[in-house]
Amino acid sequence: MMMLVTGIIGIAMLVGFLGFLVWWIKDLPFTIIVVVVVLLLLYDFVRTLRYGEEGVRR
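Here's a quick rundown of the structure. Nothing here was measured: the structure is a model prediction, and the numbers come from that model. (Residues numbered from 1 in each chain as written. Predicted model: local features only at pLDDT ≥ 70, side-chain atom pairs only at ≥ 80, totals over all residues. Heavy atoms only, no water.)

## Structural notes on the overall build of the protein chain
Put simply, the rule is: In DSSP terms, a helix is any run of H or I states spanning at least four residues, a strand is any run of E spanning at least two, and both are numbered starting from the N terminus. Here the globule rule is a power law, 2.2 Å times the number of residues to the power 0.38, and the radius of gyration is based on C-alpha atoms. Under the scheme applied here, a residue whose accessible area is under 20% of the maximum for its type counts as buried, over 50% as exposed, and between as partly exposed, the area being computed with a 1.4 Å probe on protein chains only.
On a plain count of helices and strands, the protein chain comes out with 2 helices and 0 strands. Taking 10 Å as the expected radius of gyration for a compact globule of 58 residues, we find that the protein chain reaches 14 Å, considerably beyond that expectation. Summarising its shape, the C-alpha atoms of the protein chain cover approximately 40 × 25 × 10 Å along the three principal directions. A total of 58 residues make up the protein chain; the buried ones form 16% of that total.

## As for helix 2 (residues 28-51)
The α-helix advances 3.6 residues per turn, and as a result positions three or four apart in sequence lie on the same side. Keep this limit in mind: What a helix should span is 1.5 Å times the count of its residues minus one. By definition, residues are in contact when any of their heavy atoms lie within 4.5 Å.
The end-to-end C-alpha distance of helix 2, which contains 24 residues, comes to 35 Å, matching closely the 34 Å that a straight helix rising 1.5 Å per residue would cover. Turning to helix 2, its buried residues number three or more, namely Val 34, Val 38, Phe 45 and Thr 48. Those residues of helix 2 that are buried lie in contact with helix 1 (2-25). Immediately beyond the C-terminal end of helix 2, within one or two residues, lies Gly 52, with a positive phi of roughly 85°.

## Focus on the packing of aromatic side chains
As a reminder of what qualifies: Aromatic pairing here means that ring centres of Phe, Tyr or Trp (its six-membered ring) are within 6.5 Å. Orientation follows from the plane angle: under 30 degrees is stacked, over 60 is edge-to-face, and everything else is tilted.
All told, the structure shown has 2 aromatic pairs when counted by the stated rule. Residues Phe 20 and Trp 23 carry aromatic rings whose centres are separated by 6.1 Å and whose planes lie at 40° to one another, so their mutual orientation is tilted. Of this pair, Phe 20 and Trp 23 are both found in helix 1, 3 residues apart, which corresponds to roughly one turn of the helix. Arranged with centres 6.4 Å apart and planes meeting at 10°, the rings of Phe 20 and Trp 24 form a pair that is stacked. Of this pair, Phe 20 and Trp 24 both sit in helix 1, separated by 4 residues, roughly a single helical turn.

## Considerations on the packing of helix 1 against helix 2
Put simply, the test is: Orientation is described by axes fitted as lines to C-alpha atoms, over the contacting stretch for helices, and by angles from 0 to 180 degrees between their N-to-C directions. Any angle from 65 to 115 degrees is called roughly perpendicular, while one under 35 is roughly parallel, one over 145 is roughly antiparallel, and all others are oblique. Three residue categories are used. Nonpolar comprises Ala, Val, Leu, Ile, Met, Phe, Trp, Tyr, Cys and Pro, charged comprises Asp, Glu, Lys and Arg, and polar comprises the others, including Gly.
Between helix 1 and helix 2, whose axes approach to 10 Å, the crossing angle comes to 175°. Classified by the angle their axes make, helix 1 and helix 2 are roughly antiparallel. Counted together, Met 3, Leu 4, Gly 7, Ile 8, Ile 11, Leu 14, Val 15, Leu 18, Leu 21, Val 22 and Ile 25 of helix 1 and Phe 30, Thr 31, Val 34, Val 38, Leu 41, Leu 42, Phe 45, Thr 48 and Leu 49 of helix 2 form the full contact between these two elements. When its residues are assigned to classes, the contact of helix 1 with helix 2 shows 17 nonpolar, 3 polar and no charged.

## What to know about a nonpolar patch on the surface
Quick note on the threshold: Only residues above 30% relative accessible area that lack a salt bridge enter a patch, with like-charged residues linked at up to 9 Å and the nonpolar side chains Val, Leu, Ile, Met, Phe, Trp and Tyr linked at up to 5 Å. A 1.4 Å probe and the Shrake-Rupley method give the accessible areas. Residues count as covered only by the protein chains that appear here. Each reported salt bridge corresponds to a side-chain nitrogen of Lys or Arg within 4 Å of a carboxyl oxygen of Asp or Glu.
On the surface, Met 1, Met 3, Leu 4, Val 5, Ile 8, Ile 9, Met 13 and Leu 49 cluster together into a nonpolar patch covering about 780 Å² of accessible area. Counting residues per element, the nonpolar patch draws most heavily on helix 1, at 6 residues. Topologically, Met 3 is positioned in helix 1. Accessibility expressed as a relative area gives 38% for Met 3, which makes it partly exposed.

Right, dumping it as structure tokens:
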């Protein structure tokens, strides 16, 4: 539960900061990079919550 709460707080703070940068810089390649990185961050966060730090066992 602690990982969920701290992860959501951290992601919200990062998205707020990057959102401010995207709004301030207003450059399409930078915006695309930020969106892709945030999507990868969310994907990794969900997988970490689901499978733990070790990942999926094979």
